Amino acid sequence: MNKKLLSIVYLLAGFAVLFLGWELASIWSKRELPSPFKTMAIFFNMWSNPFYDAGPNDKGIGLQLLASLKRVFIGFGLGTLIAIPFGFLIGSNKIIMNILNPVIQILRPVSPLAWFPLGLALMKVSDKATIFVIVITSLWPTLINTAFGVSSVPQDHKNVGKAFGFSHWKYITKILLPASLPLVITGLRLSIGVAWLVIVAAEMLSGGVGIGFFVWDSWNALSLEKVMSAILIIGLVGLVLDKLFSAIQKRFTYAI
Amino acid sequence: MRFIQNTSRYFPIIVVLGISSCFFFSYCGSPASPSASTVNSVHSNEVIKLGFIPLTDCASLVMAKELGLFEKYGLNVELSKEASWANVRDKILSGELKGAHCLFGMPFSVYTGIGGKAGSVMKVAMILNNNGQAITLSNKFCDLIGNNDVAAIKTAVVKLNAQKQLQFAMTFPGGTHDIWLRYWMAATGVDPKTVGIKTIPPPQMVANMKVDNMDGYCVGEPWNGVAVKEGIGFTHVASQDIWKNHPEKVLAVNEDFSSVKKDDLKKMMKAIIEASIWLDSLPNRKKAAEILSQTKYVNAPAEVIQARLMGTNNVGCSFGEKKYADDYMKFYGEGNTNAPRKSYGIWFLSQYVRFGLLATPPGDYKEVADKLIMGDLFKEVSGEMKLPVPDDDMKPFTVTIDKRIFDPNNVSGYLAMAKK
């Protein structure tokens, strides 16, 4: 109980520091940067009716957020479907690892903005191009962590499998999977973070409904209050996604 | 007991997989539904997506929608706000948008490879408006030159450029704003190659001008009005001071759509022409400004849009107001605005050559214009509406700022004369 109370105090203190710094920055910029109070007024106003729908170019913030989350989960899901099998393949075979490692290292750090034109050329439709960008930028952490997890299964575990004459299937389900799972999930946690990070940039380029285009459109309307509110929302949603995956991670972290 | 432990352990991952798969299947399912609806509605009730950029001159598309004119012609048009001109280009080429509010120069710039993959075709169905753009200069020019004081430009630019490399901005390489900017420089004796000219989105122009990183830009309204309102710059010349009643935005359309759905395109053009006539009755413009100012369209204060839409520019600095009596932003221009002249296309191509945007001139200027401009279709539409069509498709015209005559039938002669 006491601990919980303390964590709330810490949370409030954190926000106080944030708002103080923000207010100072706002004063320093001669109010070019909107003050936290003005922003919060807009923020709560946006949330007073989050699901209104006035046609394709004017939707409530809740609908925009859902559209973005949908893209993120589709992109992340597809990325995971690619990353985990490839990770297993790369992690379990030294030759494949040596062949693919340089390619992965080259593709991994490429910015989402650079992928977008390629995605559009491939997919023809901007919404699919956005998802392509999420897939291709978010799969790397899962892929690398899976490969690392698989390649670092202790020799003792493998020996046990051999000694008991495990079938391939049994080896995979009883030794390989459980031993590499914590790292795979660490990879997934990093990947969902990247996917959420990328959505804003990708939607700025692609247009359409979503929190990223909302930021762009608000900037076009020179409403920095809305841009700041969107930044807060993006941050909060990112936090929730991370908490979700950290909960999963806790479940699967055990001493090997 | 172990089983329960296991499931609870797996619970969060099941949640995530569940959410992902829900979205995944709804996503995979969605492409099927539009095609199903096309089957149900063979009679042009299919949604036609038209793109626009939030600028005052998207008004005729917006009003055609708001006044129910698209519906009147049996079209189900959805307007879609786009992020950038490059975005508009890509979506028209892919067919995601059937058409869009687009810079006159853009189809030519894309086709010649300046602003896109060479050979990509975007068709020009009609011109949407004349006039209503401007060149904004930052406040440091205030004391050196006045509004429309073209003679003082060269000295001012040379002087400031010596202190610090001047930076100008426009909206799309080879687009209208790019060419107005370069033409204005050449006409005032400034070599466009001595200053920086960048393509950036309008809010970045304003943000950069605020912190003194940007010295001038050419863009559509309301962005020049915004600079005055924010007190960071003034409207040096309106685009109509450069070329009175110049072509500005066009209705650009997807090539397949223009041939396969020609009837729909004709209906669309009729609706837009009717909206243009409505917009050219000045008393209607107050209402238009209010509608345009909504979040879903331009998303800017109505008063900023309205003043310049009515032809009254608050110039900024201490220059007061400037009224444009007969050359404010026009959408119909008593029948002179909308016809897509091939001569205009050839003029843009020749400017690309003049300013070095195109290294090798097109073999046949007229051929490019013939390919991109749908002049015959416009005549057909006007004929059906019993509206006059101006007979000046390939006639010479004069550009206001330097009084230079352009003859589309003699481009090489023009280029030899124009200052390089």
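1. Quick word on the overall build of chain A
- Scanning chain A from terminus to terminus reveals ten helices and zero strands.
- Helices and strands appear in chain A in the N-to-C order α-α-α-α-α-α-α-α-α-α.
- Residues counted as buried form 40% of the 256 residues belonging to chain A.
- For chain A, the share of sequence-separated contacts (at least 6 apart) that also reach a separation of at least 24 residues comes to 70%.

2. Points about the interface of chain B and chain A
- Residue-level contacts link 28 residues of chain B with 29 residues of chain A.
- Every element with two or more residues in the side of chain B that touches chain A is listed here: helix 1 (2-29), strand 2 (76-81) and helix 5 (85-94) of chain B.
- Residues that form the side of chain B that touches chain A fall into these classes: 13 nonpolar, seven polar and eight charged.

3. Quick word on helix 3 (residues 59-66) of chain B
All names here are of chain B.
- Among the eight residues that make up helix 3, seven are buried, leaving the element largely enclosed by the rest of the structure.
- Within the sequence span of helix 3, burial applies to Ala 59, Ser 60, Leu 61, Val 62, Met 63, Ala 64 and Lys 65.
- As for helix 3, its buried residues are in contact with strand 1 (47-52), helix 4 (69-72), strand 2, strand 3 (99-103), helix 13 (262-279) and helix 14 (285-292).
- At the exit of helix 3 stands Gly 68, carrying a positive phi of roughly 75°.

4. Re the pairing of strand 7 (residues 196-199) of chain B
All names here are of chain B.
- In the sheet, strand 6 (residues 167-170) pairs with strand 7 via four bridges, with the strands oriented parallel. Residue pairing in the sheet places Ala 169 in a bridge with Lys 198 of strand 7.
- Taking the sense of rotation as the criterion, the β-α-β connection linking strand 6, helix 8 (residues 176-187) and strand 7 turns out right-handed.

5. Side note on the confidence of the model for chain A
- Per-chain confidence: chain A averages 89 in pLDDT, with 98% of residues scoring 70 or above.
- Element-level pLDDT for chain A is lowest in helix 7 (residues 155-163) of chain A, with a mean of 86, against a maximum mean of 93 in helix 3 (residues 61-92) of chain A.

6. Considerations on the domain arrangement of chain A
- The assigned domain composition of chain A is domain 1 (1-33) and domain 2 (40-252).
- For domain 1 of chain A and domain 2 of chain A, the distance between their C-alpha centres works out to 29 Å.

7. Here we look at the nonpolar core
Residue and element names in this part refer to chain B.
- Core analysis: the largest hydrophobic core is formed by 123 residues, its most contacted members being Ala 125 and Ala 252.
- In terms of residue count, helix 13 provides more of this core than any other element does, nine residues in total.
- In this structure, Ala 252 is in contact with Ile 92, Gly 99, Ala 100, Cys 102, Met 106, Pro 107, Met 122, Lys 123 and Val 124, ignoring residues within four places of it in sequence.

8. So, the sheet that holds strand 9 (residues 233-238) of chain B
Residues and elements named next belong to chain B.
- Strand order across the open sheet formed by five strands is 7-6-8-5-9, with mixed pairing between neighbours. Each edge of the open sheet is held by one strand with a lone partner, namely strand 7 and strand 9. The sheet shows a mean angle of 25° between the axes of neighbouring strands, direction not considered.
- Here strand 5 (residues 133-138) pairs with strand 9 via five bridges, running antiparallel. Within strand 9, the residue paired with Ser 138 across the bridge is Gly 233.
- Packing against the sheet, helix 8 makes contact with strand 5, strand 6, strand 7, strand 8 (216-220) and strand 9, and its axis sits at approximately 60° to strand 5.
- Here helix 9 (residues 202-210) sits on the sheet and contacts strand 5, strand 6, strand 8 and strand 9; the angle it forms with strand 8, its principal contact strand, is near 150°.

9. Considering the pairing of strand 10 (residues 249-254) of chain B
Residues and elements named next belong to chain B.
- Where burial is concerned, most of strand 10 is hidden: six out of the six residues are buried.
- Two elements, strand 3 and strand 10, share five bridges in a ladder whose sense is antiparallel. Considered in strand 10, the bridge of Cys 102 is made with Val 250.
- Note: strand 4 (residues 122-127) against strand 10, five bridges, orientation antiparallel. Within strand 10, the position partnered with Ile 127 by the bridge is Val 250.

What counts and how
- Residues numbered from 1 in each chain as written.
- Chains lettered and ligands numbered in written order.
- Predicted model: local features only at pLDDT ≥ 70, side-chain atom pairs only at ≥ 80, totals over all residues.
- Helix = DSSP H or I, 4+ residues; strand = E, 2+ residues; numbered from the N terminus.
- Buried ≥ 20, exposed ≤ 12 C-beta atoms within 10 Å, placed from the backbone.
- Contact = placed C-beta atoms within 7 Å.
- Nonpolar A, V, L, I, M, F, W, Y, C, P; charged D, E, K, R; others polar.
- Pairing = 2+ DSSP bridges.
- Right-handed = clockwise from strand over helix to strand, strands pointing away.
- pLDDT = per-residue confidence, 0-100.
- Domains from an automatic or database assignment.
- Core = buried A, V, L, I, M, F, W, Y, C linked by C-beta atoms within 7 Å.
- Axes fitted to C-alpha atoms, helices over the stretch in contact; angles between N-to-C directions.

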